[in-house]
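One letter stands for each residue in the lines below.
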Amino acid sequence: MPTALVTGATAGIGLAFARRLAADGHSLVLVARDEERLRRTAGELATAHGVHVEVLAADLGDPAGLRRVEQRVADTDRPVDLLVNNAGYRLRTPFLDSSIADEEAMLRLLVVAVLRLSHASGRAMAARGEGAIINVSSVGGFVSMGTYSAAKAWVTNFSEGLSGELAGSGVRVLALCPGYTHTEFHQRGALDVSAVPAALWLEADAVVARALQDLAGDRVLSVPGLTYRLLVVTARLMPRRAMRAIGARVYRRSTRQSYAGRS
Ligand SMILES: NC(=O)c1ccc[n+]([C@@H]2O[C@H](COP(=O)([O-])OP(=O)(O)OC[C@H]3O[C@@H](n4cnc5c(N)ncnc54)[C@H](OP(=O)(O)O)[C@@H]3O)[C@@H](O)[C@H]2O)c1
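Residues numbered from 1 in each chain as written. Predicted model: local features only at pLDDT ≥ 70, side-chain atom pairs only at ≥ 80, totals over all residues. Heavy atoms only, no water.

## Notes on the sheet that holds strand β9 (residues 221-222)
At step 1: What the seven strands build is an open sheet, ordered β3-β2-β1-β4-β5-β6-β9; its pairing is parallel. Looking at which strands have only one partner, the edges of the open sheet turn out to be β3 (53-57) and β9.
At step 2: The pairing of strand β1 (residues 3-7) with strand β2 (residues 27-32) spans five bridges and is classified as parallel. Within β2, the residue paired with V6 across the bridge is L30. (Pairing = 2+ DSSP bridges. Helix = DSSP H or I, 4+ residues; strand = E, 2+ residues; numbered from the N terminus.)

Take a look at the structure:
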C-alpha cells in the first residue's frame, strides 16, 4: 500500500487530497497544526477506507515542527511515496501594512517548508528510484500581486526546475496551480472575494482530481479549469507592463490597500 503525506490536511484542498488518496487505497500521514481535527479526519478515513492513517501535528512555520516532518519524509523504514506540499495561507493586509514578522512567517510556510520537505523527500525518493511530489502553488503566481503571489511564483518555478533535475530518476514533480477554490482559505485570511464571479470558483475535489490525472499523465504543471488554463496562456503572452497593471488592480481591491500605489 503506497503512503502519501499531505500537509494542511485539516481543511480545503489538503482534506480533499486526503479523502481521495484514502479512497484510492493510500496509507496516509496527515500534517497540520490542529491535532484534534486531524485525529477526527484520520478516524473517519481509516473507518471508511480501511487504510492506515498517521497523525503528525506540526506547525510548518516553526523550525522544530518542520524538522519533525522532514524526518518523517526521510525515514527509510517507513517510506513516503507521495508528498503533497499543500499547507498555506495568505495575509489580508498589503505588504507595507503587514508587520515584517507576519510577512516572514508566511514565507516560511509557503517557501521554506516546501523547499525543505522537497529536499528531504526528493533525496529519499531518488535513492529508491520512485516517488512523486505535488507542490500546491496558485494561478496567482502568474500575476504580480504581493508577497503571496511572489511565493507562489517561486513554488511553480522551483517545482518545474526540480522536475527537470529529477528527470529519469523515477521521481515525478507536479506544480498544482488552482484559481479561486471553495475552501476555508478566504475566510481564514478575511480576504474580500465578493467581486469574484461565480463562474471562476472551483471545487476542491475537482482540483485534486485534475492534479492526480495530470500527475499520472507525467505533466509538470497542472492548472484546473479551462478558464484558468486560458488565463495562464494569456498571462504568458501579455506584455509584463499590462500584467503588472492587472495585478496591481486586483491586489489593491483584495487587500483594501490604503496608501497610494502606482502600477
Ligand atoms: N482556496 C483557494 O482559492 C486557493 C487558490 C490557489 C492556491 N491555493 C493554495 O492551496 C493550498 C491549500 O489552501 P486551501 O485553500 O485548502 O486553504 P484552507 O482551507 O485554509 O486550508 C489550509 C490548510 O493549511 C494548514 N496550515 C495553515 N498554516 C499551517 C502551518 N503553519 N503549519 C501547518 N499547517 C498549516 C491548515 O491547517 P491548521 O490550521 O490545522 O494548521 C489547513 O489544513 C494553499 O497552499 C493555498 O495557497 C488556494
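From this point, things continue past the structure.
## As for the packing of helix α1 (residues 12-23) against helix α2 (residues 35-49)
At step 1: At a minimum axis distance of 9 Å, the contact between α1 and α2 shows a crossing angle of 25 degrees. The pairing of α1 with α2 is recorded here as roughly parallel in orientation. Here α1 and α2 pass one another in a crossing that is right-handed. Where α1 approaches α2, its residues L15, A18, R19, A22 and A23 are matched on the opposing element by T41, L45 and H49.
At step 2: Its residues assigned to classes, the contact of α1 with α2 comprises five nonpolar, two polar and one charged. (Axes fitted to C-alpha atoms, helices over the stretch in contact; angles between N-to-C directions. Parallel < 35°, antiparallel > 145°, perpendicular 65-115°, else oblique. Left-handed = near helix turned anticlockwise from the far one by under 90°. Contact = heavy atoms within 4.5 Å. Nonpolar A, V, L, I, M, F, W, Y, C, P; charged D, E, K, R; others polar.)

## Some words on helix α5 (residues 146-165)
At step 1: When the terminal C-alpha atoms of α5 are compared, their 29 Å separation across 20 residues agrees well with the 28 Å that a helix rising 1.5 Å per residue should span.
At step 2: Taken together, the buried positions of α5 are occupied by T147, Y148, S149, A151, K152, V155, T156, F158, S159, L162 and S163.
At step 3: The elements touched by buried residues of α5 are α4 (100-128), β5 (131-136), β6 (171-176), α6 (185-188) and β9. (Expected span 1.5 Å × (residues − 1). Buried < 20%, exposed > 50% of the residue type's maximum accessible area, 1.4 Å probe, protein only.)

## Focus on the pattern of salt bridges
At step 1: Applying the stated criterion across every chain yields a total of 13 salt bridges.
At step 2: Through salt bridges with shared partners, a single ionic network connects E54, R72, D75 and R78. (Salt bridge = Lys/Arg side-chain N within 4 Å of Asp/Glu carboxyl O.)

## A look at the site of the ligand
At step 1: Close to the ligand lie 31 residues; T10, R33, N86, Y148 and T183 are nearest.
At step 2: Between the ligand and the protein, one listed contact pairs an oxygen atom with a backbone N or O atom of I13 at 2.8 Å.
At step 3: Contact between the ligand and L60: a nitrogen atom at 2.9 Å from a main-chain N or O atom of the residue.
At step 4: Against a free-state accessible area of 890 Å², the protein chains account for coverage of 97% of the ligand.
At step 5: Of all the secondary structure elements, the ones that give two or more residues to the shell around the ligand are α1, α5 and α6.
At step 6: Grouping the amino acids of the shell around the ligand by side-chain chemistry returns 13 nonpolar, twelve polar and six charged. (Near = heavy atom within 4 Å. Polar contact = N/O pair within 3.5 Å; in protein donor to acceptor, adjacent residues only side chain to side chain. Areas by Shrake-Rupley, 256 points an atom, 1.4 Å probe, with all protein chains shown as cover.)

## A closer look at empty space enclosed by the protein
At step 1: For the structure shown, the criterion picks out two cavities of 30 Å³ or more.
At step 2: The wall of the largest cavity is formed by R90, L91, T93, E103, M106, M145, G146, T147, Y148, Y251 and T255.
At step 3: Secondary structure elements with two or more residues in the lining of the largest cavity: α4, α5 and α9 (240-255).
At step 4: The element best represented in the lining of the largest cavity is α5, accounting for three residues.
At step 5: By residue class, the composition of the lining of the largest cavity is five nonpolar, four polar and two charged.
At step 6: Looking at the second largest cavity, its volume works out to about 50 Å³.
At step 7: In terms of lining residues, the second largest cavity is bounded by T7, L60, N85, N86, A87, L109, A113, V114 and L117.
At step 8: It is α4 that provides the largest number of residues to the lining of the second largest cavity, a total of four residues.
At step 9: Looking at the lining of the second largest cavity residue by residue, the class counts come to six nonpolar, three polar and no charged. (1 Å grid on protein atoms, 1.4 Å probe; cavity = no way out; pocket = protein on both sides within 12 Å on 5 of 7 lines; lining within 4 Å. Points joined across faces, edges and corners; volume = space filled by probe spheres on them.)

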